[in-house]
Amino acid sequence: MTERKTRIVLILLGSIFMATFCLTPFAYMFITSFSESSDFLSSQDFHFSLDNYRSVLTVRSLHFLDYLRNSLIVSGISAFLCVLIAGLAAYAITRLALPGKVFIMFFVLAVSMFPQVSMVGYLFKFMAGIGWTDTYRSLIFPYIAWILPLSLWILVSYFAQIPRDLDKAALIDGATHLQILRKIILPIALPGFLSCFLLAFIFAFNEFIFALVLTTTHHARTIPVGIALFQGLHGETPWGNIMAAATITTIPVVILTVIFQRHIIQGLTRGAVKS
Amino acid sequence: MKSTFRELRESCNFLLPLIIFILVFIILPVLGTVVTSMFQDVTFLEREFLFLENYRRIFSDPAFGQSFRFTFLFVAVSVPLEICLGLMFALLLNEQLPFRGALRAFVLIPWAIPAAISGRIWELIYNYHYGLANFLFVKLGISAEPINWLGSGLGAFFSLVVSDVWKTSPFVAIILLAGLQAIPRELYEQGQVDGANLLQRFYRITLPLLKPVLVVALLFRTIDALRIFDLIYVLTHGGPGGATNSLSLYAYRYYLGGDFGYGSAVSTILFIVAFSLSVLYVKLSRFSSVVK
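Position numbers for residues start from 1 in each chain and track the written sequence from start to end. The naming scheme follows written order: chains are lettered A onward, ligands numbered 1 onward. Restriction of local features to residues with pLDDT of at least 70 applies here, the model being predicted, together with a cutoff of 80 or more for giving and counting side-chain atom pairs; totals for whole chains, interfaces and linings are based on all residues. Neither water nor hydrogens contribute to the side-chain values; these are computed over all heavy atoms in the structure.

Draft legend 1. Structural detail: the packing of aromatic side chains. Ring pairs are drawn from Phe, Tyr and Trp, using the six-membered ring of Trp, whenever the two centres fall within 6.5 Å, and their geometry is named by plane angle: stacked under 30 degrees, edge-to-face over 60, tilted for the rest. Enumeration over the complete set of coordinates arrives at 51 aromatic pairs over all chains. With 5.9 Å between their ring centres and 20 degrees between their planes, Phe103 of chain A and Phe107 of chain A make a pair best called stacked. Note that Phe103 of chain A and Phe107 of chain A are positioned in helix H5 (residues 101-111) at a spacing of four residues, about one turn of the helix. Between buried and exposed lies partly exposed: a residue is buried under 20% and exposed over 50% of the maximum accessible area for its type, with that area taken using a 1.4 Å probe on protein chains only. Taking relative accessible area as the criterion, Phe107 of chain A reaches 32% and is therefore assigned partly exposed. Here Phe70 of chain B and Phe74 of chain B contribute two aromatic rings whose centre-to-centre distance is 5.8 Å and whose plane-to-plane angle is 35 degrees, an arrangement assigned as tilted. You can see Phe70 of chain B and its partner Phe74 of chain B sitting in helix H3 (residues 62-93), four residues apart, about one turn around the helix. Per residue, the accessibility class of Phe70 of chain B equals that of Phe74 of chain B, and both read buried. One aromatic cluster is present, formed by Phe59, Phe64, Phe68, Phe72, Tyr250, Tyr254 and Tyr262 of chain B through successive ring pairs. Put simply, DSSP marks the helices as runs of H or I at least four residues long and the strands as runs of E at least two long, and each gets a number from the N terminus on.

Draft legend 2. Spotlight on the packing of H5 of chain A against helix H12 (residues 260-284) of chain B. To define axes, lines are fitted to C-alpha atoms, for helices over the stretch in contact only, and angles between the resulting N-to-C directions are given on a 0 to 180 degree scale. Where H5 of chain A meets H12 of chain B, the closest approach of the two axes is 9 Å, and the angle between their N-to-C directions is 140 degrees. The pairing of H5 of chain A with H12 of chain B is recorded here as oblique in orientation. Viewed along their axes, H5 of chain A and H12 of chain B form a crossing whose handedness is right-handed. Residues Phe106, Leu109 and Ala110 of chain A of H5 of chain A form the contact with H12 of chain B, whose own contacting residues are Phe275, Ser278, Tyr281 and Val282 of chain B. Residues are grouped as follows: nonpolar covers Ala, Val, Leu, Ile, Met, Phe, Trp, Tyr, Cys and Pro; charged covers Asp, Glu, Lys and Arg; every other residue, Gly included, is treated as polar. A per-class count over the contact of H5 of chain A with H12 of chain B returns six nonpolar, one polar and no charged. For classification purposes, angles smaller than 35 degrees are called roughly parallel, those larger than 145 roughly antiparallel, those between 65 and 115 roughly perpendicular, and all remaining angles oblique. Crossing handedness: left-handed means the near helix sits turned counterclockwise from the far one by under a right angle, and right-handed means the same turn made clockwise. Contacts: residue pairs with any heavy atoms within 4.5 Å of one another.

Draft legend 3. Broad picture of unusual backbone geometry. Residue and element names in this part refer to chain A. The backbone phi angle of His63 is positive, close to 60 degrees, even though this residue is not glycine. Counting through the fold element by element, His63 comes out in the loop between helix H3 (51-58) and helix H4 (64-95). The phi dihedral of Asp134 is positive, around 65 degrees, even though this residue is not glycine.

Draft legend 4. Main features of the state of the cysteines. Disulfide: a pair of cysteine sulfur atoms within 2.5 Å of each other. If you walk through the whole model with that rule in mind, you get zero disulfides over all chains. Free of any disulfide, Cys196 of chain A has its nearest neighbouring cysteine sulfur in Cys82 of chain A, separated by 6.2 Å. Take Cys84 of chain B: it sits in no disulfide, and the sulfur closest to it among the cysteines is that of Cys22 of chain A, at 16 Å.

Draft legend 5. A look at the domain arrangement of chain B. Reported domain spans reflect what an automatic or database domain assignment gives. In terms of domains, chain B is made up of domain 1 (1-30) and domain 2 (37-291). Here domain 1 of chain B and domain 2 of chain B have C-alpha centroids that lie 34 Å from each other.

Draft legend 6. Expanded view of helix H6 (residues 117-129) of chain A. All names here are of chain A. Helix span, expected: 1.5 Å multiplied by one less than the number of residues in the helix. Here H6 spans 19 Å end to end across 13 residues, near enough to the 18 Å set by a 1.5 Å rise per residue. The angle between axes fitted to the seven residues ending at a residue and the seven residues starting there is what we call the bend at that residue. Maximal helix bending in H6 amounts to about 25 degrees, located at Leu123. Within the sequence span of H6, burial applies to Val117, Ser118, Met119, Val120, Gly121, Leu123 and Met127. The first or second residue beyond H6 is Gly131, which carries a positive phi of 70 degrees.

Draft legend 7. Structural detail: the interface of chain A and chain B. Taken together, the 109 residues of chain A in the interface contact 93 residues of chain B. The term buried area refers to how much accessible surface (probe radius 1.4 Å) is lost by two components on association, counted for both of them together. Among the residues of chain A in contact with chain B, Met18, Met113 and Trp239 of chain A are the three that bury the most area, contributing 8% of the side total. Basic side-chain nitrogens of Lys or Arg form a salt bridge, by our definition, when they fall within 4 Å of a carboxyl oxygen of Asp or Glu. Run the count over chain A and chain B and you get two salt bridges. Arg7 of chain A is paired through a salt bridge with Glu95 of chain B; the nearest N and O atoms lie 3.1 Å apart.

Draft legend 8. Looking closely at the pattern of salt bridges. Residue and element names in this part refer to chain B. Inspection of the entire model under this criterion finds 13 salt bridges over all chains. As a salt-bridge pair, Arg57 and Asp259 come within 3.4 Å of each other at their nearest N and O atoms. Taken together, the positions of Arg57 in helix H2 (residues 53-59) and Asp259 in the loop between helix H11 (247-256) and H12 put the pair 202 residues apart, joining distant regions of the chain. Asp259 gets classed as buried once you look at its relative accessible area, which sits at 12%. One salt bridge in this structure joins Arg221 and Asp164, with 3.5 Å as the shortest N-O distance. Here Arg221, found in helix H9 (residues 198-226), pairs with Asp164, found in helix H7 (residues 153-181); they are 57 residues apart in sequence, far enough to count as distant. Through salt bridges with shared partners, one network takes in Glu82, Asp164, Arg221, Asp224 and Arg227.

What follows is the structure, given as structure tokens:
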């Protein structure tokens, strides 16, 4: 029975380490955001205060709410369109006669691994050329293209599991492919669409380098870039404000992750290792 | 015959939006970058065809050598750590734990939030005067004096590695967990009957069966770590003295300075390295069964 005991002890210690390792930085962020001054560890002097939240939410020149709104709009639209486009493509790949399906999937997988820096310089000139710099469009279009490979892989793996008898019957009854996709595939593969949307949203929300280069002001700048470039009114690093902004931004993400963890995990594993 | 032709046309319509997006916003920019890399393309200067002159400049630039070495060293140190820690997390999450759902969610959190934001949290953790790292190190007696994490080359390197491992091990864990769940339980039961202990079962059953998934995770992480940008941009800005200037950051600096030709050439080199690895990845992942 000693092996059983060792096993339990190992699992217990491991789990404690795992939870501590993953959560400590968040706890630190959370506590600092409520502290009057961010040097409370060295001064041993913690005073609870909501000032950081007050200034982040009310001082207009910090543009925190602008960045947050931009991020939500850009990520929401990108994720939605991405699911739509990937849904159509996944239908063609799993259901229609098409030569070179394997090549398309290969190609898309390779594309998803291109380094972003090898696109961003050209995209900057391209967007400046058509006058799109610092608009939502300049982010939404590249984001869709950049997240499509992952979305396609997720949806193809879900669609492939749906038996074909259903749509064959519908075809005989005279339904078009678009109708089959909407009326038969969509309801059955709804969890797949949900995983796909969530992952696409998270990827767009977290994207950094495109947003850094293609936006210049609070009109389109997203929250990761906003927080990375966050400066105090007097040039110092306003840690308290940054941590309050980080907390407001991450809490919704954390809640979403906790609620939808099953969907996110399924999407990730299907997108990355499906054989 | 006619119906297959119609179906072909229809499938093209279904695929068209995807193809257009990828061609216009990914393939075209990449090709444009490759073309630009052969030109003098500097703001306020005449555009001029140089062929490989930018590449010659790159290979004689010691800053590029430093950036190249840093990037590969970073990959070589952080990716194996991520795989080990990810494997450990995956093994734990595969057990019948009391709070398995909560633990899974905890593990996902570092992965789910923007790297730029976690970069700022780690920046505060590494703060010399009042950061958590020095507080713990001095309190626990690991170091007598506070450590200048981000101010020395070695310190900055390991600070980045730790932050990156924190951020990406969860991803590895989730991928490996899927692999673990595919291993039939009977194999372990059989192993137990045959008298194999915990460690033997791990080496004889888990590792060999997990190998394909491990390879996929390894390559995926390698490609991703090669292009690291946001964490470094926030945490060290490539410093101190260019010690942590990753290839992506190095190229970005040239874009920022208006030298698109040179920046594009650096990006093209990074692209070629990443692309070769992704071809390997595609060859190794046996995925055609999904498509059929």
